[in-house]
Amino acid sequence: MQPRAQGQPSLRLFTWGSAGPGSASRTGGPASRAGHVLQPGTATRGPAAILRNQLTTGTRRPPPRLSTAPSAGGAVPPASTSEAAAGGQENLDMGKTTMRLLCTSLSFTMICWLAEGTLSKTDAKKGATKNLEEKMLHSDKNVQDRGLVVVDPKAKDIILEHRSYCSKKMKERHFSGDVLGYITPWNSHGYDIAKIFGNKFTLISPVWLQVRRKGKERFQFTGLHDADKGWMKDVRKTSKNIKIVPRILFDGWTYQDFESVFGSEDEIEELSNNMVLLAKNENFDGFVIEVWSQLGNQKQTELIHLLIHLSEALHEAQLKLVLVIPPAVAAGTNQPGMFTKKEFDQLASAIDSFSLMTYDYSTPQRPGPNSPIPWVRACVQVLDPDSKWRNKILLGLNFYGMDYSALGASGEPMLGSRYIETLKEHKPKIVWDEQIAEHYFEYKKNKGGKHAVFYPTLKSIQLRLDLAKELGTGISIWELGQGLDYFYDLL
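Everything numeric in this text was worked out from a predicted model, so none of it was measured.

Trainee: Quick question: what am I supposed to make of the overall build of the chain here?
Mentor: Within the chain one finds 12 helices and 16 strands. Burial statistics for the chain: of 491 residues in total, 60% are counted as buried. Sequence separation of 24 or more characterises 80% of the internal contacts of the chain that already satisfy a separation of 6 or more. Within the structure as shown, the chain displays about 19500 Å² of accessible surface, and the carbon and sulfur contribution to it stands at 49%.

As structure tokens, then:
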């Protein structure tokens, strides 16, 4: 790891006391469930660390009226990546001012938030809450035509409109790049979203599968009990061109398991053949593989060799391979992430798409935005500064939020249903932060202290879609059942 660049402020959103353990939830994106880095050796995982890096190295650009998408503009390429170093110095110099302004803005906002929460003498008024109306019928107009994509949404309008998507245009696409949507067995609404809005997606990844190594040249695939062939058939009826690519975790693998496979071409070939056979037997169109974060910065050459071999075997059988990658700029630091331009260049020609995890920027120990747009931009530009393979990068969008508490530096994921219930109960004022291009609001629980909620809105999503279009990337959404139904009007 490179030392932090001198003279660049690190982003510190809150100054709460000693932090408790971070929240590990099935709600977060792929990296949230990848597991700890295998020993020997240690490595920190990138998602929470990346935002800070982008924010301290981004380039000052006029925001497309505040778009939020993976990485901020002009982030300096990691110092350890010689290929990007020459072109990065100019970006670094340009970016210092922007990142300082952004860090200062975020720090000031959150310090004021904490002080206000500490000094407040009264809890929010409790009592009977008037039931606010929710539209249950679909609309003839999309959210843009209804004037809902705004920086100053009202809680009552979100409550009223969130279920009401445009039924007349649910098969129309507004985003031309690839769109990958993740679906989880523990959130059944995502299955319905994939059927309703199937035409808006090019790739659907049900989080179903695990591969275990059971001995020399012996591999077992688990999770097939979750595979729903009837649902797959329904999705393909909705969209003829959609590809179903279940995610595979390398579950229970030890460091020695990886070393054994890396050191044997026979094992690599057996694993590849087993994956092809599984896809053919189950009528899958390929796989999303999540493995990179398990090894941290170790054995990268060997892992790249394995992934290229898997890709070649899958491609020969007309199947796709999508690789989940951590952010190129580690959130909250001035250090490169675990997957940099060097690794991207080696894999870009072999992998069909890269699912870039540009979310989970903040943590309960360092609360704040889910995906600051300058950081998102930087993560893309660091990986591919020359825009050679941008169409293969799927900029990660979170359709979940986070609810942070000032008591005990705690936080937990927030899904759409609880977001709506919180709006109904507390009727908060929703605040727009132009630097990060995200909305947030504050509320107080009786005896529970002050809370801050960062949750995506139509405006924050639209700006990230605009950024993806500008950068020439696709998008990946974690995950389809966690957002609000009218979000899909934007795709």
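Trainee: I would appreciate a short explanation of the sheet that holds strand β6 (residues 247-250) in the present structure.
Mentor: Hydrogen bonds along the backbone pair up the strands of a sheet, which may run parallel or antiparallel. Read across the sheet, 11 strands follow the order β4-β3-β6-β7-β8-β9-β10-β16-β1-β2-β5 without closing on themselves; strand pairing throughout is mixed. With partners counted over all chains shown, the strands left at the sheet margins are β4 (218-222) and β5 (243-244), one partner each. In this sheet, β4 lies alongside strand β3 (residues 209-215) in antiparallel orientation, the contact comprising 5 bridges. In the strand pairing of β4, glutamine 210 is matched with threonine 222.

Trainee: Sorry, what's going on with the sheet that holds strand β13 (residues 431-433) here?
Mentor: Taken in spatial order, the 5 strands of this open sheet run β12-β11-β15-β14-β13, and their pairing is antiparallel. The sheet is open, and its two borders are formed by β12 (410-414) and β13, each paired with just one other strand. When strand polarity is set aside, the average angle formed by the axes of neighbouring strands in this sheet is 25°. Strands β11 (401-405), β12, β14 (438-445) and β15 (449-454) of the sheet are contacted by helix α11 (residues 416-426), whose axis makes an angle of about 60° with β14.

Trainee: What is the right way to read the nonpolar core from this model?
Mentor: Most often, soluble globular proteins have nonpolar side chains that are buried together. Membership of the largest hydrophobic core comes to 108 residues, with the highest contact counts inside it found for Phe201, Leu271 and Tyr419. Not counting the four nearest positions on each side in its chain, leucine 271 is found in contact with Val211, Phe219, Phe221, Phe250, Trp253, Leu306 and Leu310. In terms of nonpolar packing, the next biggest core, distinct from the first, is built from 13 residues, Tyr182, Tyr359, Tyr400 and Trp478 among them.

Trainee: Before we go on, may I ask you to explain the packing of aromatic side chains in this structure?
Mentor: Two numbers describe a pair of aromatic rings. These are the distance of the centres and the angle of the planes. With the rule as written, the count across this model stands at 27 aromatic pairs. Considering the side-chain rings of tyrosine 191 and tryptophan 231, the 5.1 Å spacing of their centres and the 80° angle between planes classify their relative orientation as edge-to-face. Of this pair, tyrosine 191 sits in helix α4 (residues 189-196) while tryptophan 231 is found in helix α5 (residues 229-238), placing the two residues 40 residues apart along the sequence. Here tyrosine 191 matches tryptophan 231 in class, with each residue buried. Judged by centre distance (5.9 Å) and plane angle (75°), the ring pair of tryptophan 208 and tryptophan 231 falls under edge-to-face. Of this pair, tryptophan 208 sits in the loop between β2 (203-206) and β3 while tryptophan 231 is found in helix α5, placing the two residues 23 residues apart along the sequence.

Trainee: Before we go on, may I ask you to explain the environment of leucine 491 in this structure?
Mentor: Relative to the helices and strands, leucine 491 is located in the segment after β16 (474-478). Distance from leucine 491 to isoleucine 475, taken between C-alpha atoms, is 9.9 Å for residues 16 residues apart in sequence. Setting aside chain neighbours within four positions, we find leucine 491 in contact with Glu172, Arg173, His174, Phe175, Val179, Lys200, Phe201, Leu465, Ile475 and Ile477.

Trainee: When you look at the pattern of salt bridges in this model, what are you seeing that I'm missing?
Mentor: Between side chains of opposite charge, a pair can form when the charged atoms approach closely. Inspection of the entire model under this criterion finds 22 salt bridges. When the shortest N-O distance is used, the salt bridge between aspartate 489 and arginine 146 registers 3.8 Å. Here aspartate 489, found in the segment after β16, pairs with arginine 146, found in the loop between α2 (82-119) and α3 (155-161); they are 343 residues apart in sequence, far enough to count as distant. The exposure class assigned to aspartate 489 is buried, which follows from its relative accessible area of 3%. For lysine 299, the salt bridge is made with glutamate 259, and the minimal N-O distance between the two is 3.3 Å. Highlighted residues: lysine 299 in the loop between β7 (286-290) and α8 (300-316) and glutamate 259 in helix α6 (residues 255-262), separated in sequence by 40 residues. Among the residues examined, lysine 299 registers a relative accessible area of 26% and is labelled partly exposed.

Trainee: What should I look at first to understand helix α10 (residues 373-383) in this one?
Mentor: Along an α-helix, a turn takes 3.6 residues, which lines up residues three or four apart on a common side. For α10, a buried count of 11 out of 11 residues is recorded, marking the element as mostly surrounded by other parts of the structure. Within α10 the residues assigned to the buried category are Ile373, Pro374, Trp375, Val376, Arg377, Ala378, Cys379, Val380, Gln381, Val382 and Leu383.

Trainee: Before we go on, may I ask you to explain the packing of α4 against α5 in this structure?
Mentor: Between α4 and α5, whose axes approach to 8 Å, the crossing angle comes to 30°. Looking at the two axes, α4 sits roughly parallel to α5. Across the interface between the two elements, Tyr191, Ala194 and Lys195 of α4 pack against Trp231, Asp234, Val235 and Thr238 of α5. Here the residues of the contact of α4 with α5 are counted per class, giving 4 nonpolar, 1 polar and 2 charged.

Trainee: Hey, could you run me through helix α7 (residues 265-282) in this one?
Mentor: Over its 18 residues, α7 runs 26 Å from end to end, which matches the ideal 26 Å to within 8%, given 1.5 Å per residue. Taken together, the buried positions of α7 are Glu267, Ile268, Leu271, Ser272, Asn274, Met275, Val276, Leu278, Ala279 and Glu282. Two residues or fewer after α7 comes asparagine 283, characterised by a positive phi angle close to 65°.

Trainee: Whenever I open this one, the confidence of the model for the chain confuses me. Can you help?
Mentor: Detailed reading of predicted coordinates is not advised where the pLDDT is low. Across the chain, pLDDT averages 80, with 73% of residues at or above 70. Note that pLDDT drops below 50 for residues 31-37; the model gives that stretch 28 contacts with residues more than four away or on any other chain. In the model, residues 39-129 has pLDDT below 50 throughout and makes 296 contacts with residues more than four positions away in sequence or in other chains.

Trainee: What is the right way to read the pairing of β6 from this model?
Mentor: When a strand is regular, its side chains alternate between the sheet's two faces. Every second residue of β6 is oriented toward a common face, with Arg247 and Leu249 on one face and Ile248 and Phe250 on the other, all of them buried. Pairing analysis gives 3 bridges linking β3 to β6, with the strands arranged parallel. When the sheet's bridge partners are listed, leucine 209 is paired in β6 with isoleucine 248. Pairing analysis gives 3 bridges linking β6 to β7, with the strands arranged parallel. Bridge pairing in β7 links leucine 249 to glutamate 290.

Trainee: Looking at this model, I keep getting lost on the packing of α10 against helix α12 (residues 458-471). Mind explaining?
Mentor: Packed helix pairs are characterised by how far apart their axes lie and by the angle those axes make with each other. Closest axis-to-axis distance for the α10/α12 pair is 11 Å, and the angle between their directions is 25°. In terms of orientation, α10 lies roughly parallel with respect to α12. As for the relative orientation of α10 and α12, their crossing is right-handed in sense. Listed contacts from α12 to Ile373, Val376, Arg377, Val380 and Gln381 of α10 are Leu463, Arg464, Leu467, Glu470 and Leu471. For the contact of α10 with α12, a count of residues per class yields 6 nonpolar, 1 polar and 3 charged.

Thresholds applied
- Residues numbered from 1 in each chain as written.
- Predicted model: local features only at pLDDT ≥ 70, side-chain atom pairs only at ≥ 80, totals over all residues.
- Heavy atoms only, no water.
- Helix = DSSP H or I, 4+ residues; strand = E, 2+ residues; numbered from the N terminus.
- Buried < 20%, exposed > 50% of the residue type's maximum accessible area, 1.4 Å probe, protein only.
- Contact = heavy atoms within 4.5 Å.
- Areas by Shrake-Rupley, 256 points an atom, 1.4 Å probe, with all protein chains shown as cover.
- Pairing = 2+ DSSP bridges.
- Axes fitted to C-alpha atoms, helices over the stretch in contact; angles between N-to-C directions.
- Core = buried A, V, L, I, M, F, W, Y, C linked by side-chain atoms within 4.5 Å.
- Phe/Tyr/Trp six-rings, centres within 6.5 Å; stacked < 30°, edge-to-face > 60°.
- Salt bridge = Lys/Arg side-chain N within 4 Å of Asp/Glu carboxyl O.
- Parallel < 35°, antiparallel > 145°, perpendicular 65-115°, else oblique.
- Nonpolar A, V, L, I, M, F, W, Y, C, P; charged D, E, K, R; others polar.
- Expected span 1.5 Å × (residues − 1).
- pLDDT = per-residue confidence, 0-100.
- Left-handed = near helix turned anticlockwise from the far one by under 90°.

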